[in-house]
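Architecture and fold: a report
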Amino acid sequence: MQVVTGGNRTFLKSGFRCRLVLAGLMLLPLTASADWYRFTDTAMTTPIELEFWADDKELADRVGTEVLAVFHQVDEQMSRYRDDSEVSGLNRSAASGPVAVSAGLFQVLQKAREVSLLSDGAFDITFGSVGYLYDFRAGKKPTNEQIRSGLSRVNFRDVILDETAGTVEYGQPGIRVDLGGIAKGYAVDLGIEHLVSHGIRHARLSAGGDMRLLGDKRGRPWYVGIRDPRSEGRNAVVLPLQDVAVSTSGDYERFFVDEAGARVHHILSPATGKSVQGVQSVTIIGENALTTDGLSTAVFVLGPEKGLEMIERLPGIDVVVIDDQRMMHVSEGLVPPDPE
């Protein structure tokens, strides 16, 4: 046998030594299992999809399981549909005085307030004070009188945050906070943080309309399709992206058609308590999913003109809006440069 290193030749005369070297060489490829690993689950009433590149299958299986568990943990903490969740406890007690909450819930409430202020109340987590009156599975909507009664309790400023004490208090009884428009983005960010802590550098993690891309797809971009709101199997546009968060809000996610033929969907206007008209979908691209999740709802409520005006003031954020006339509106950051 001949072993060549750095141009120098060394002859192995001992058969015993040769067998040892060969045994060592044979072991090396068996330990390598670098590959793309994919995991799926359902949590927070939405499908969860995860794919990432890892050098070791055992590590990938463990990390994948832990990331999926994050979504169940956030659901247990922030779902208004669970009586035992932290948010449900807040809705029951915060009108009677300050309630101490976990750091994670406080972070989400702070971001919600930030987006509410940016959008002049177009995003408002207290919409749940009206939203709970709708039953999209059964195709039922509240009466105008019920909506008027609930609207008196829709005001994000009535959710009073004390940063020093870490407490939350409601300014009036009957408020129902609903984090459905922002909690999934928070969970996606937590999942990405978990991947990074284990040395993962290339990943895609999505929860329904909320997604984070970690790095690129090993030398090429991730291609992200924005769905045609009126065709489930067709994309309106496909974007090459990397290292960003992407959130889409659409009127096709949860809806029914009422007796008058109108589409009643889950994105409600805090001003009217009714489904927003004039927009079919909004996609926000930014740094983290907690922000993009809230902003996608805010722009949907604001509409194309006011929504674009708000986004253009925010560095590092872009938007694609498809209105009810099937027209696409995009922020300046997504407009190709003029050819020279």
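Structural notes on the nonpolar core
Counting residues in hydrophobic clusters, the biggest one holds 67 residues, and the most contacted among them are Phe52, Phe71, Met78, Leu179, Leu195 and Ile311. With eight residues, the top contributor of residues to this core is helix H2 (residues 57-78). Within the second largest apolar cluster, 13 residues are counted, among which are Trp53, Met211, Leu213 and Leu241.

Points about the pattern of salt bridges
Per the stated rule, a full pass over the model turns up 14 salt bridges. In this structure, the salt-bridge partner of Arg212 is Asp189, at a minimum N-O distance of 2.6 Å. In this pair, Arg212 sits in strand E9 (residues 210-214) while Asp189 sits in helix H7 (residues 183-197), placing the two residues 23 residues apart along the sequence. Looking at Arg212, the relative accessible area reads 16%, which means it is buried. Residue Asp189 is classed as buried on the basis of its relative accessible area of 9%. Here the salt bridges share partners, and the residues they tie into one network are Arg38, Glu49, Glu51 and Arg204.

Focus: the side chain of Thr297
Within the element layout of this structure, Thr297 appears in helix H8 (residues 289-302). Ignoring anything within four residues of it in the chain, the contact list for Thr297 reads Phe123, Gly181, Ser249 and Ile267.

Let's talk about the packing of aromatic side chains
According to the stated counting rule, one finds six aromatic pairs in the structure shown. The interplanar angle of 75 degrees and the centroid separation of 5.6 Å between the aromatic rings of Trp36 and Trp53 together place this pair among those described as edge-to-face. Of the two residues, Trp36 sits in strand E3 (residues 35-43) while Trp53 sits in strand E4 (residues 46-54), which places them 17 residues apart along the sequence. Here Trp36 matches Trp53 in class, with each residue buried. Here a set of aromatic residues connected by ring pairs shows up, and it is made of Trp36, Trp53 and Trp222. Stacked on the ring of Tyr132, the Lys or Arg Arg176 has its end atom at 3.6 Å from the ring centre. The ring of Trp36 has Lys217 sitting right over it, with the charged end atom 6.0 Å from the ring centre.

Regarding unusual backbone geometry
Even without a glycine there, the phi angle at Thr45 is positive, about 60 degrees. Among the structural elements, Thr45 can be located in the loop between E3 and E4. Phi angles above zero are rare outside glycine, and Asp120 is one such case at about 55 degrees. As for its placement among the helices and strands, Asp120 is situated in the loop between helix H4 (103-118) and helix H5 (128-131). By relative accessible area, which is 65% here, Asp120 ends up exposed.

Quick word on the side chain of Asp251
Along the chain, the position of Asp251 falls in the loop between strand E12 (245-250) and strand E13 (255-257). Within polar-contact distance, the side chain of Asp251 engages the side chain of Arg230 at 2.8 Å. When near neighbours in sequence (up to four residues on either side) are disregarded, Asp251 contacts Arg230, Arg263, His265, Val279, Gln280 and Phe300.

Topic: the environment of Gly286
Assignment of secondary structure puts Gly286 in strand E15 (residues 279-286). Among the residues examined, Gly286 registers a relative accessible area of 4% and is labelled buried. A C-alpha to C-alpha distance of 9.4 Å links Gly286 and Arg212, two positions 74 residues apart in sequence.

What to know about the sheet that holds strand E5 (residues 99-100)
Sheet architecture is open: three strands sit in the order E5-E7-E6, paired in antiparallel fashion. A single partner strand is all that each edge strand has here, and the edge strands are E5 and strand E6 (159-162). By the bridge criterion, two bridges tie E5 to strand E7 (residues 167-170) in an arrangement that is antiparallel. When the sheet's bridge partners are listed, Ala100 is paired in E7 with Thr167. Lying over the sheet, H4 contacts E6 and E7, oriented at roughly 120 degrees with respect to E6.

Digging into a nonpolar patch on the surface
On the surface, Met328, Val330 and Val335 cluster together into a nonpolar patch covering about 220 Å² of accessible area. Structurally, Val330 is set in strand E17 (residues 328-330).

Quick look at helix H9 (residues 304-312)
Among all positions in H9, only Pro304, Gly307, Leu308, Met310 and Ile311 are buried. Mapping the buried residues of H9 onto a view down its axis gives an arc of 160 degrees, with all of them on the same face. Across from the buried face of H9, at angles greater than 90 degrees, the exposed residues are Glu305 and Lys306. In this structure, the buried residues of H9 make contact with H4, E15, H8, strand E16 (318-323) and E17.

Reading guide: rules and limits
- Residues numbered from 1 in each chain as written.
- Predicted model: local features only at pLDDT ≥ 70, side-chain atom pairs only at ≥ 80, totals over all residues.
- Heavy atoms only, no water.
- Core = buried A, V, L, I, M, F, W, Y, C linked by side-chain atoms within 4.5 Å.
- Buried < 20%, exposed > 50% of the residue type's maximum accessible area, 1.4 Å probe, protein only.
- Helix = DSSP H or I, 4+ residues; strand = E, 2+ residues; numbered from the N terminus.
- Salt bridge = Lys/Arg side-chain N within 4 Å of Asp/Glu carboxyl O.
- Contact = heavy atoms within 4.5 Å.
- Phe/Tyr/Trp six-rings, centres within 6.5 Å; stacked < 30°, edge-to-face > 60°.
- Lys NZ or Arg CZ within 6 Å of the ring centre and 35° of its normal.
- Polar contact = N/O pair within 3.5 Å; in protein donor to acceptor, adjacent residues only side chain to side chain.
- Pairing = 2+ DSSP bridges.
- Axes fitted to C-alpha atoms, helices over the stretch in contact; angles between N-to-C directions.
- Patch = residues over 30% accessible without salt bridge, like charges linked within 9 Å, V, L, I, M, F, W, Y side chains within 5 Å.
- Areas by Shrake-Rupley, 256 points an atom, 1.4 Å probe, with all protein chains shown as cover.
- Arc of directions from axis to C-beta.

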